[in-house]
Amino acid sequence: METAVLFDEMEPVIGQLEKVSLIGYVSTVDKSNAEEEETITSELIERLLGKWERVQGIQDDCIYMMWAWDNRIEGTDKEDMFIGFRVSDDSKAPDDMVKKTLPKGGYAVYSMNPAEIEPETWDKMYKQLFSKESGLEESAPFMLQRHVSEEQVDIYIPVKEAEEKPE
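What counts, and where the lines are drawn
Residues numbered from 1 in each chain as written. Predicted model: local features only at pLDDT ≥ 70, side-chain atom pairs only at ≥ 80, totals over all residues. Heavy atoms only, no water. Pairing = 2+ DSSP bridges. Helix = DSSP H or I, 4+ residues; strand = E, 2+ residues; numbered from the N terminus. Phe/Tyr/Trp six-rings, centres within 6.5 Å; stacked < 30°, edge-to-face > 60°. Buried < 20%, exposed > 50% of the residue type's maximum accessible area, 1.4 Å probe, protein only.

A. Spotlight on the pairing of strand β8 (residues 142–149). Judged from the 6 bridges that link them, strand β3 (residues 63–68) and β8 form a sheet pairing that is antiparallel. Looking across to β8, one finds that A68 is bridged to F142. With 5 bridges connecting them, β8 and strand β9 (residues 152–161) associate as antiparallel partners. Bridge pairing links L144 to Y156 in β9. The antiparallel pairing of β8 with β9 creates a hairpin that spans 2 residues between the two strands.

B. Layout of the packing of aromatic side chains. Across all of its chains, the model carries 3 aromatic pairs by this definition. Summarising the aromatic geometry, the rings of Y107 and F142 are spaced 6.4 Å apart at their centres and angled 55° between planes, so their arrangement reads as tilted. With a gap of 35 residues between them, Y107 in strand β6 (residues 105–112) and F142 in strand β8 connect regions that are remote in the sequence. Taking relative accessible area as the criterion, Y107 reaches 3% and is therefore assigned buried. F142 gets classed as buried once you look at its relative accessible area, which sits at 8%. Relative to F130, the ring of Y126 has its centre 5.8 Å away and its plane inclined at 45°; by these criteria the two rings are tilted. The rings of Y107, F142 and Y156 are connected pair by pair, giving a single aromatic cluster.

Read these as geometric descriptors, not functional statements.
Structure follows, in structure tokens:
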């Protein structure tokens, strides 16, 4: 089955997500260099899994990955990538780790098999989600992935109702 067909049939679930606290590691990655991104991702996951016993209040067995582009260097594809665990709100990050808190808000959630995600999937997803017909717009400059298993990843994209633009 082709990814494009699978994606075209996929509709996100739109809903509210409560505040989410995460503890893990952050690195800057160049999204235009897939090999570098894969290497950094593997290194961060290995580092994270080696420290799981030091993280208090872990809420589930999932690994969370977040890409934030609010500080993207102008003219580059560099973004911050975070890899970590979901934790209770009162958990403290160990010295060499960081804590991130995602706000309560509206999210579009796609569930898919990570093996079926191809580079063009992201463009199609965002174009469909934020088309004029959808009535939605991006509410924050990040995307969160919750890796449930080798066969399932849930992708959370912050959304809000689109505001009317004056002509």
